There are 2 protein chains.
Amino acid sequence: MGGEAAAAAGRAPEPGRRILVAVDEGDESVHALRWCLSTFAAAARGDTVILLYVRPAPPTYSVLDASAAVGYLFSEEVTAAMDRYSREVADAVVEKAQKLCTLYSKEVGGSGHEMKVEVKVAVGDARTVICHMADKLGADLLVMGSHGYGFFKRALLGSVSDYCLRNASCPVLIVKS
Amino acid sequence: MGGEAAAAAGRAPEPGRRILVAVDEGDESVHALRWCLSTFAAAARGDTVILLYVRPAPPTYSVLDASAAVGYLFSEEVTAAMDRYSREVADAVVEKAQKLCTLYSKEVGGSGHEMKVEVKVAVGDARTVICHMADKLGADLLVMGSHGYGFFKRALLGSVSDYCLRNASCPVLIVKS
């Protein structure tokens, strides 16, 4: 156990933890973020909360792909409108999450410490992007709601969090509503 | 968001968090406990770490049950020996976990604060017992390794943590090795 003590002692002066919170448009992720801010993250300890929103990749079918496209075929206008809507949703979600961070930072953290907050918006499959970003951003912890990734994927409830539990390189904290 | 601020302010003076750590004889649970002690639990904040070991219920077949017993039939001596072994394993696991808590409390917590540690040993099906205890003990967080519950149930890897993720009334933190 001697090495253990040394390791423990060695970890004491570490800088704050990097806490990656996967946010989406669902209430579960808001609840998870709120829990994280009130119970885990500590501005005074130098923690950084990284808000990650992953928006789905826009459909890329064009008229030229028509023969290969098994699903729907969208005109450029529709594709552009969907992409615009997706960006607007991302902005709204991130803004709401940031406000929550500011609020908790002031009300809970108090005493001059303000929570460091970073915002990342990525595009792609939520499951793989979240795991990739957790690794890339050096997250010490990944926090998410149990439904994993919201509105667009209600039919696959839980699948994103299940995937991240199995594949993320850091510990994963699942917060249910 | 006014109520939010009040809620946030209201939570600030809360007493320390009650962190339930499911321990077993596997390395994963030791790793999860170590992570919890070094990264999450804070003696200075008044946190309490509750170590929970669930040992399997002893087989209860007797000669009188022979007609109903589909599985194995154990003599009383064998049953008693298995129960004794199970208790010895429980004692060893809990003792090791407690030593780890003491070590981290001294080395990391430092400055006069010592981590409050409670020990619970329960008997039954790990999945349901862990969820029940999380509720009964008022845990703010349940921490466990991804393999959930060790040695005896290697064949069901992950099933305990999966069950707890779905059924525990508090957030669940899964720490992989």
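Residues numbered from 1 in each chain as written. Chains lettered and ligands numbered in written order. Predicted model: local features only at pLDDT ≥ 70, side-chain atom pairs only at ≥ 80, totals over all residues. Heavy atoms only, no water.

(A) Quick look at a nonpolar patch on the surface. Residues Val 117, Val 119 and Val 121 of chain A make up a contiguous nonpolar surface patch of roughly 190 Å² in combined accessible area. With respect to the helices and strands, Val 119 of chain A occurs in strand S3 (residues 116-123). (Patch = residues over 30% accessible without salt bridge, like charges linked within 9 Å, V, L, I, M, F, W, Y side chains within 5 Å. Areas by Shrake-Rupley, 256 points an atom, 1.4 Å probe, with all protein chains shown as cover. Salt bridge = Lys/Arg side-chain N within 4 Å of Asp/Glu carboxyl O. Helix = DSSP H or I, 4+ residues; strand = E, 2+ residues; numbered from the N terminus.)

(B) Examining the side chain of Thr 39 of chain B more closely. Along the polypeptide, Thr 39 of chain B turns up in helix H2 (residues 27-40). Polar contacts involving the side chain of Thr 39 of chain B include one to the side chain of Ser 38 of chain B, which spans 3.2 Å. (Polar contact = N/O pair within 3.5 Å; in protein donor to acceptor, adjacent residues only side chain to side chain.)

(C) Seen up close, the environment of Ala 32 of chain A. All names here are of chain A. Position of Ala 32 relative to the elements: it lies in helix H2 (residues 27-40). You can call Ala 32 buried: its relative accessible area is 0%. As a C-alpha pair, Ala 32 and Leu 173 span 141 residues in sequence and 9.0 Å in three-dimensional space. Once residues lying within four places of it in the same chain are set aside, the contact partners of Ala 32 are Val 143, Met 144, Gly 145 and Val 175. (Buried < 20%, exposed > 50% of the residue type's maximum accessible area, 1.4 Å probe, protein only. Contact = heavy atoms within 4.5 Å.)

(D) Seen up close, the confidence of the model for chain A. Residues and elements named next belong to chain A. For chain A, the average pLDDT comes to 80, and 73% of its residues sit at 70 or higher. When mean pLDDT is taken per element in chain A, strand S1 (residues 18-22) scores highest with 96 and helix H1 (residues 2-11) scores lowest with 46. Contacts from residues 5-13, a stretch scored under 50 in pLDDT, to residues over four places away or in other chains number eight contacts. Both scores are given for the predicted complex: the pTM is 0.80, the ipTM 0.77. (pLDDT = per-residue confidence, 0-100.)

(E) Structural context of the pairing of strand S5 (residues 172-175) of chain B. Of the two faces of S5 of chain B, the one holding Val 172 and Ile 174 of chain B and the one holding Leu 173 and Val 175 of chain B are both buried throughout. Looking at chain direction, strand S5 (residues 172-175) of chain A and S5 of chain B are connected through three bridges and run antiparallel. Note on S5 of chain B: the bridge partner recorded for Leu 173 of chain A is Leu 173 of chain B. In this structure, strand S4 (residues 141-145) of chain B lies alongside S5 of chain B, joined through four bridges in parallel fashion. Following the sheet pairing, Met 144 of chain B is matched in S5 of chain B by Ile 174 of chain B. (Pairing = 2+ DSSP bridges.)

(F) Fine view of the environment of Gly 145 of chain B. Residue and element names in this part refer to chain B. Tracing the backbone through its elements, the reader meets Gly 145 in strand S4. Linking Gly 145 and Ala 32, residues 113 residues apart in sequence, is a C-alpha distance of 5.4 Å. Setting aside chain neighbours within four positions, we find Gly 145 in contact with Glu 28, Ala 32, Ser 161, Ile 174 and Val 175.

(G) Representation of the pattern of salt bridges within the structure. Residue and element names in this part refer to chain A. The final tally for this structure, using the stated rule, is 12 salt bridges over all chains. Arg 17 serves as the salt-bridge partner of Asp 47, at 2.6 Å between the closest nitrogen and oxygen. A residue pair is termed long-range when its members are at least 10 positions apart, and Asp 47 in the loop between H2 and strand S2 (48-55) and Arg 17 in the loop between H1 and S1 qualify at 30 residues. For Asp 47, a relative accessible area of 0% translates into the label buried.

(H) Structural detail: helix H5 (residues 159-167) of chain A. Every buried residue of H5 of chain A is listed here: Val 160, Ser 161, Cys 164 and Leu 165 of chain A. Buried residues along H5 of chain A cover an arc of 135° about the axis, so they all sit on one side. Buried-residue contacts for H5 of chain A involve helix H4 (126-136), strand S4 (141-145) and S5 of chain A together with helix H5 (159-167) and S5 of chain B. (Arc of directions from axis to C-beta.)

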